[in-house]
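Observations on the model geometry
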Amino acid sequence: MTVYFIGAGPGDPELITVKGQRLIHRCPVIIYAGSLVPQAVLDGHRAERVINSAELHLEQIIEAIKQAHARGQDVARVHSGDPSLYGAIGEQIRCLRELDIPFEIIPGVTATAACAALLGAELTLPDVSQSVILTRYADKTAMPVGEDFASLAAHGATMAIHLGVNHLSKIVAELLPHYGADCPIAVVHRATWPDQDWALGTLADIVDQVAAKGFRRTALILVGRVLATDAFSESSLYRAGHAHLYRP
């Protein structure tokens, strides 16, 4: 018996790995995050039990897994995006280790990747930014020392900010001294879902744009010069005259 933490992707049911889909179809027990994972991701399953974890607390989720373990049934524990990023799987894994219940993590397409695809952007460009910082706004959970916005923004790297759309004004105020008012920023609402939408502007005007759109939740913030520039060098990978293992 194994618990499979499966990344279902950002919303589009086709943006799930072949392995993740195969396990959903095969496992006799499915526990899925119904508030973020569309029902279509489960299409084709033959599970005996399908449980929506949005209605449960941690102890109830673990109890359902314990029952499946007692019956020798594999569990497809389906999370949105990639379960290793803001998926709250750490606390579940800690319980499973205490109970000696085997588990495996199946990666998924991240919301960051989905938003970059929607915007037609590469998040790492030569001479512009070669790093991506994935972080979140400190609301209910405090940020560790050294991970405040000012410290992270000082790098000038591309940033992907989760759970922050309701605090956009504060975020912009903290980013401005480091990125400048003309720095591009995008707020993407429900990327890859049928009702996806986004606002693309600068730190100077994005707050008004998002207010006009009415985004309140399920939105990712991307900020960085990579979002609106053609002023970067070509990579060495495809540069004529650059030799490597496959192109002597």
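Here's a quick rundown of the structure. Note that the structure is a prediction, hence the values are computed from the model and not measured. (Residues numbered from 1 in each chain as written. Predicted model: local features only at pLDDT ≥ 70, side-chain atom pairs only at ≥ 80, totals over all residues. Heavy atoms only, no water.)

A closer look at the state of the cysteines
Taken as a whole, this structure holds zero disulfides when the rule is applied. With no disulfide of its own, C27 lies 20 Å from the sulfur of C95, the closest cysteine sulfur. Judged by relative accessible area, C27 falls into the buried class, the value being 0%. You can call C95 buried: its relative accessible area is 19%. (Disulfide = S-S within 2.5 Å. Buried < 20%, exposed > 50% of the residue type's maximum accessible area, 1.4 Å probe, protein only.)

Details of the layout of surface pockets
Here the largest pocket defines a volume of roughly 1500 Å³. Taken together, 45 residues line the largest pocket, and the ones lying closest to its centre are L36, S80, Y86, H162 and L163. Taken together, the elements giving at least two residues each to the lining of the largest pocket come down to helix 2 (58–70), strand 4 (75–79), helix 3 (89–99), helix 4 (111–119) and strand 10 (219–223). At three residues, the largest contribution of residues to the lining of the largest pocket is made by helix 4. Grouping the constituent residues of the lining of the largest pocket by class yields 19 nonpolar, 17 polar and nine charged. Counting contributing residues per domain, the lining of the largest pocket is built from domain 1 (3–106) and domain 2 (111–227), each supplying no fewer than three. (1 Å grid on protein atoms, 1.4 Å probe; cavity = no way out; pocket = protein on both sides within 12 Å on 5 of 7 lines; lining within 4 Å. Points joined across faces, edges and corners; volume = space filled by probe spheres on them. Helix = DSSP H or I, 4+ residues; strand = E, 2+ residues; numbered from the N terminus. Nonpolar A, V, L, I, M, F, W, Y, C, P; charged D, E, K, R; others polar. Domains from an automatic or database assignment.)

With respect to the sheet that holds strand 2 (residues 29–32)
Working definition: the strands of a sheet are paired by backbone hydrogen bonds and lie parallel or antiparallel to each other. Read across the sheet, five strands follow the order 3-2-4-1-5 without closing on themselves; strand pairing throughout is parallel. The sheet is open, and its two borders are formed by strand 3 (49–52) and strand 5 (103–106), each paired with just one other strand. Across the sheet, the mean angle separating the axes of adjacent strands is 15 degrees when strand polarity is ignored. Pairing of strand 2 with strand 3 involves four bridges; the strand directions are parallel. Among the inter-strand pairings, V29 is bridged to a residue of strand 3, identified as R49. Against the sheet, helix 1 (residues 18–26) engages strand 1 (3–7), strand 2, strand 4 and strand 5, with an angle of about 130 degrees to strand 1. Packed onto the sheet, helix 2 meets strand 1, strand 2, strand 3 and strand 4 and runs at close to 165 degrees relative to strand 2. (Pairing = 2+ DSSP bridges. Axes fitted to C-alpha atoms, helices over the stretch in contact; angles between N-to-C directions. Contact = heavy atoms within 4.5 Å.)

Side note on the pattern of salt bridges
In this structure the tally under the stated criterion is six salt bridges. Between R190 and D195 there is a salt bridge, with its nearest N and O atoms 2.8 Å apart. Among the salt bridges present, the one from D197 reaches K213, with a minimum N-O distance of 3.1 Å. Of this pair, D197 sits in strand 9 (residues 197–202) while K213 sits in helix 7 (residues 206–213), and the two are 16 residues apart along the sequence. (Salt bridge = Lys/Arg side-chain N within 4 Å of Asp/Glu carboxyl O.)

What about the packing of helix 6 (residues 168–179) against helix 7?
A packed helix pair is summarised by two numbers, namely the angle formed by the two axes and the spacing between the axes. Direction vectors running N to C along helix 6 and helix 7 enclose 165 degrees, while the axes themselves pass 10 Å from each other. As far as their axial angle goes, helix 7 and helix 6 are roughly antiparallel. Considering how the two elements wind past one another, helix 6 and helix 7 form a crossing that is right-handed. For the pair helix 6 and helix 7, the contacting residues are L168, S169 and V172 in the first and I206, V207 and V210 in the second. By residue class, the composition of the contact of helix 6 with helix 7 is five nonpolar, one polar and no charged. (Parallel < 35°, antiparallel > 145°, perpendicular 65-115°, else oblique. Left-handed = near helix turned anticlockwise from the far one by under 90°.)

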